Amino acid sequence: MTPRDQMLATIRNALGPAGSQNEHQPARPADRARAAATAAQFEESFKVLGGEVFHAANIDEARATIDRIVAGRSYLASPAPIVEACGFSTPFSREAAASAHFGISSADFALADTGSLVFLSESGESRLISLLPPHHIAVLEKDKVVSGLDQLFARVPHPAARSSSMVIVTGPSRTGDIEMRLVRGVHGPGEVTVIIVDDVTRR
Amino acid sequence: MKFVQIQEALGDARLQNAIYSATARMAEGRRIRVAEMPDEFQELRQRAHDIKQHTLDHIDEYLEELERNVVARGGHVIWANTGKEASDFIVDLARQRGVNLIVKSKSMTSEEIHLNDALESNGIETVETDLGEYIIQLAHEKPYHIIAPALHKTIGQVTEILQAPADSTAEQLTALARAKLREKFLQAGIGITGANFLIADSGAVVVVENEGNARLSSSAPRIHIALAGFEKVIPRAQDLEVFLRVLARSATGQKLSVYTSFLAGPRREGEPDGPDEFYLVLLDNGRSRVLADRNKRHSLACIRCGACLNHCPVYRKIGGYSYPWVYSGPIGKILTPHFIDAPWLPFASSLCGACAEVCPVKIDIPKILLELREEAPKSRAEKLAMRMFAWVMTHPRIYEKFSWVRRMKKLPAAGPLKAWLEQRDLPDLPQRSFREQWRDRR
Amino acid sequence: MAEVLERAGCEIDFRPDQTCCGQPAFNSGYPEEARRVADHFARVFDGAEYVVVPSGSCTSMLLHHGGAGSRAGEVAAMPPSRLSVYGAEAGNAAGSPARPPAPRIFEFSTFLTDVLKIDDVGASLDRVVTYHDSCHALRELKIKDAPRRLLSKVRGLRLAEMDAAEECCGFGGTFSVKFPDVSGAMARTKIESIERTGADTVVSIDSSCLMQLQGVLSRAGSKIRTMHLAEVLASR
């Protein structure tokens, strides 16, 4: 008997005879009626967490904003279309991710009620780009703001079908492990900036 | 019994204050979040409870579904009946791959099976990367609290442990640890994480954290191993909404923790980073004994938020080291007796019920404590005393004869009463009992 | 409690054969012994219209645990006849709104507010009091407002809420015997919270909490005294 078969047999034995009272999966309740998510709500939630938000009417404004923030310092940028459109893409390497001051990537979704950003690793976006540099800049199309987790999972019911990794990031990396004092930027970035672009089709 | 640790905790005023204020802060954070959505929060708790109950009752099917989907995503599932099977697999894999440095993110399950000892004794350097766990590892101690492992350490003690300059601030100490651990992340051949949830329909593990160390442990090294008790499985990715919404609110009073990583297998084509190999180690190690006990099965629904610890007046006095196993607080009291011999543990509760009131998956901890008390071995003297009690209480004439007790000025300070009287005085009782007064009135 | 209820127009039938609800055995892991005692309770109170209990803890035992596997559950189904007062030994009272399946057993304070619909019993007491939520009344019976409402109508009385009103006093029955140091430490934390209110009196609806708090207050040489809600409401 393999350890697998042994473990499953032990579990089945523990469960006892089949046919319990909870035959059916609890149904998902209908989504609550929520007010349409707005970028303004996201911005408010995100700022409470210690994040910084800029608005850009179009790609050119987004590029100018990023330029101003980066101010000539080192950066690593992802090959996501919106980042490329801003003219910031660089080749990926672990070494570059580990040494760059900024990581610049797109965000796939933003959650208005919690101020979270959602990153899938599809379309060639690195995991480490939002993790190793001390300052992360995420570029977000305005219509990617959804109300919250329920809408995220309605839009992406099977994250695993799209990518090996989906991460929901809610604010800068933080810890309270030393006397419950809040410190930002433990292992991930201590600073997170979002550029919300109103219309990516215009320049 | 851990009486020495209890006495130490009670006698240390600084520690008392540290435990009390840290737990109060987390409890206050929870209170504020729940107050924002009182009715919805209760609905979420009920749904979380129902999903867990359903899953536990059909867990064999969900584990097989999980395995199929992990394999479909290019990962591997290792079924470990015991802690030794789990740590043997990890040690062997590290050897086969020539790995001599492993980074770990916080995992109570790995504490449970003494994984670090197994790795270190095989010459494999193993580094805890959660700041609190790192401090505890350097101090050669155990986590003090499920989600705040170094809760009992002062900033001065942390400064010493990290060998930092005197008067370092929390920011400076954190930066120091960040720099040291960053090197380890980039050099390690294996990253080990726990898992908050296993998603059957996705073949995914979900890891929730605030620092980014679990995200790094699962993304930077070439191999990612997730170690989880089998009870962590839930059916669908969509069920996460419910659990994520109660987890961080219950734990620290955040709406969501900073990083929620949903990880399905190794990196795929076109993905620039992520592990080349992914292993999920599913651990039993005695969990099936809890599963077999229908009345206590729901103990396995725990999502390790720590809310029951923060609200427990006993934990807040005796602290994390007074419990005999890795899981402390109320949840530790109901899990531990299934795993190690600790018959006294279920009695170390005033049954105040604060834990059940806050549990995000509605585990009825006081009820389970009562059942464990019933099953606990009892002394002959106590059994006799309880039989006497029942006999007196069902014989009112005899019961009335005991009213002389009230007229004693002092009770003999002997036996269990002696310890009791060291803490408090007895109340002055009226000279005449209610029933005597009542009789006089008629 | 008897005085307050009589003033409120109730006829009281004190049944001298009454003893205990069985909770000490139940909470110590002896459900069989507890069942025997609860059966005795059911026999004694057979035929009562209402059973009013001066303790949240006992009420909860009877409503939530006694009903399971003992005849105490049947008290709920007893035909209405007279009013019974159960367990007034310490001259104290506590109560709760009964929930199915035993609608006729009531904790004292909720019997006044929910059944008799009274919140002013005409009492007066010149004291500053703080109210201690006993765990079983609060969490198992959901009693929070009734005692406070009753206290707020007592002339001359000022209610000062403590920051840790809902925190356990540390009694816990045999817990206080098996872990006396922990129990005592819990009580002292509670007392610090009581002292911060500036109150001269702690009121509760459970005698066991009051015994614990009084014991530790008196050991600490504190002037603060404990009173059962029924004592307060009987004061004029």
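Residues numbered from 1 in each chain as written. Chains lettered and ligands numbered in written order. Predicted model: local features only at pLDDT ≥ 70, side-chain atom pairs only at ≥ 80, totals over all residues. Heavy atoms only, no water.

### Brief notes about the overall build of chain C
Then comes step 1: Along its length, chain C carries 11 helices and eight strands.
Then comes step 2: Relative to its full complement of 236 residues, chain C shows a buried share of 61%.
Then comes step 3: Considering only residue pairs separated by 6 or more positions, chain C has 77% of its internal contacts joining residues 24 or more positions apart.
Then comes step 4: As displayed, chain C has an accessible area near 8000 Å², and 50% of this comes from carbon and sulfur atoms. (Helix = DSSP H or I, 4+ residues; strand = E, 2+ residues; numbered from the N terminus. Buried < 20%, exposed > 50% of the residue type's maximum accessible area, 1.4 Å probe, protein only. Contact = heavy atoms within 4.5 Å. Areas by Shrake-Rupley, 256 points an atom, 1.4 Å probe, with all protein chains shown as cover.)

### Here we look at the sheet that holds strand β5 (residues 128-131) of chain C
Residue and element names in this part refer to chain C.
Then comes step 1: As summarised here, the arrangement of the four strands in space is β6-β5-β7-β8, forming an open sheet in which the pairing is parallel. Two strands bound the open sheet, and with one partner strand each, they are β6 (158-159) and β8 (225-228).
Then comes step 2: Bridge analysis of β5 against β6 gives two bridges, and the strand direction is parallel. Each bridged residue has a counterpart across the sheet, and for V128 the counterpart in β6 is R158. (Pairing = 2+ DSSP bridges.)

### Observations concerning a nonpolar patch on the surface
Residue and element names in this part refer to chain B.
Then comes step 1: On the surface, L384, M388, W391, I398 and F402 cluster together into a nonpolar patch covering about 480 Å² of accessible area.
Then comes step 2: If you tally residues by element for the nonpolar patch, the top one is helix α19 (residues 380-393), at three residues.
Then comes step 3: Mapped onto the elements of the fold, L384 is located in helix α19.
Then comes step 4: Classification of L384 by relative accessible area gives exposed; the value is 52%. (Patch = residues over 30% accessible without salt bridge, like charges linked within 9 Å, V, L, I, M, F, W, Y side chains within 5 Å. Salt bridge = Lys/Arg side-chain N within 4 Å of Asp/Glu carboxyl O.)

### Remarks on the packing of helix α1 (residues 3-11) of chain B against helix α9 (residues 180-196) of chain C
Then comes step 1: Here α1 of chain B crosses α9 of chain C at 25°, and the two axes come no closer than 10 Å. Classified by the angle between their axes, α1 of chain B and α9 of chain C sit roughly parallel to one another. α9 of chain C is crossed by α1 of chain B, and the crossing has left-handed handedness. Contact residues: α1 of chain B offers I6, Q7 and L10 of chain B, while α9 of chain C offers D181, V182 and A185 of chain C. (Axes fitted to C-alpha atoms, helices over the stretch in contact; angles between N-to-C directions. Parallel < 35°, antiparallel > 145°, perpendicular 65-115°, else oblique. Left-handed = near helix turned anticlockwise from the far one by under 90°.)

### Some points on the nonpolar core
Within soluble globular proteins, side chains that are nonpolar tend to cluster in buried spots.
Then comes step 1: Membership of the largest hydrophobic core comes to 179 residues, with the highest contact counts inside it found for F197, L280, L282 and I363 of chain B together with F108 of chain C.
Then comes step 2: Tallying contributions element by element places helix α12 (residues 240-251) of chain B first for this core, with seven residues.
Then comes step 3: Counting residues in each nonpolar core, the second largest holds 49 residues, with L76, L140 and V192 of chain A together with A220 of chain B among its members. (Core = buried A, V, L, I, M, F, W, Y, C linked by side-chain atoms within 4.5 Å.)

### Details of the interface of chain B and chain A
Then comes step 1: Taken together, the contacts link 94 residues of chain B with 72 residues of chain A.
Then comes step 2: Counting each side, the surface lost to burial between chain B and chain A is near 7300 Å², with a carbon and sulfur contribution of 56%.
Then comes step 3: Applying the counting criterion to the chain B and chain A interface returns four salt bridges.
Then comes step 4: Summed over the shared surface of chain B and chain A, the number is 41 residue pairs in polar contact (both at pLDDT 80 or more).
Then comes step 5: Where strand β8 (residues 165-169) of chain A lies against strand β9 (residues 259-263) of chain B, five bridges are found, and the strand directions are antiparallel. Bridge pairing links S165 of chain A to L263 of chain B in β9 of chain B. (Buried area = accessible area lost by both parts, 1.4 Å probe. Polar contact = N/O pair within 3.5 Å; in protein donor to acceptor, adjacent residues only side chain to side chain.)

### Section: the domain arrangement of chain C
Note: interface size is frequently given as the accessible area lost on complex formation between the parts.
Residues and elements named next belong to chain C.
Then comes step 1: Under the domain assignment used here, chain C contains domain 1 (2-115) and domain 2 (128-234).
Then comes step 2: The interface of domain 1 with domain 2 comprises 30 residues on the first partner and 21 residues on the second.
Then comes step 3: For the pair domain 1 and domain 2, the two sides together bury roughly 1700 Å², of which 58% comes from carbon and sulfur.
Then comes step 4: For the pair domain 1 and domain 2, the number of links is zero salt bridges.
Then comes step 5: Sorting the residues of the side of domain 1 that touches domain 2 by element identifies α1 (2-7), α2 (23-27), α4 (56-66) and α5 (108-115) as the ones contributing at least two each. (Domains from an automatic or database assignment.)

### Quick word on unusual backbone geometry
Residues and elements named next belong to chain A.
Then comes step 1: Positive phi, close to 50°, is recorded for E179, a residue that is not glycine.
Then comes step 2: Tracing the backbone shows E179 in the loop between β9 (174-175) and β10 (183-184).
Then comes step 3: With a relative accessible area of 31%, E179 lands in the partly exposed category.

### Observations regarding helix α2 (residues 13-36) of chain B
Then comes step 1: Between its first and last C-alpha, α2 of chain B extends 35 Å over 24 residues, near the 34 Å set by a 1.5 Å rise per residue.
Then comes step 2: At the N-terminal end of α2 of chain B, a side-chain oxygen is found 3.2 Å from the backbone nitrogen of R14 of chain B, two or three residues along, and the residue is D12 of chain B. (Expected span 1.5 Å × (residues − 1).)

### Details of the interface of chain B and chain C
Then comes step 1: At the junction of the two partners, chain B supplies 51 residues and chain C supplies 51 residues.
Then comes step 2: Note on chain B versus chain C: buried area summed over both sides is about 4900 Å², and carbon and sulfur give 59% of it.
Then comes step 3: On the chain B side of the contact with chain C, Q423, R424 and F434 of chain B bury the most area, a combined 14% of that side's loss.
Then comes step 4: Summed over the shared surface of chain B and chain C, the result is five salt bridges.
Then comes step 5: We note a salt bridge from R397 of chain B to D17 of chain C, for which the minimum N-O separation is 2.7 Å.
Then comes step 6: Scanning the region where chain B abuts chain C turns up 19 residue pairs in polar contact (both at pLDDT 80 or more).

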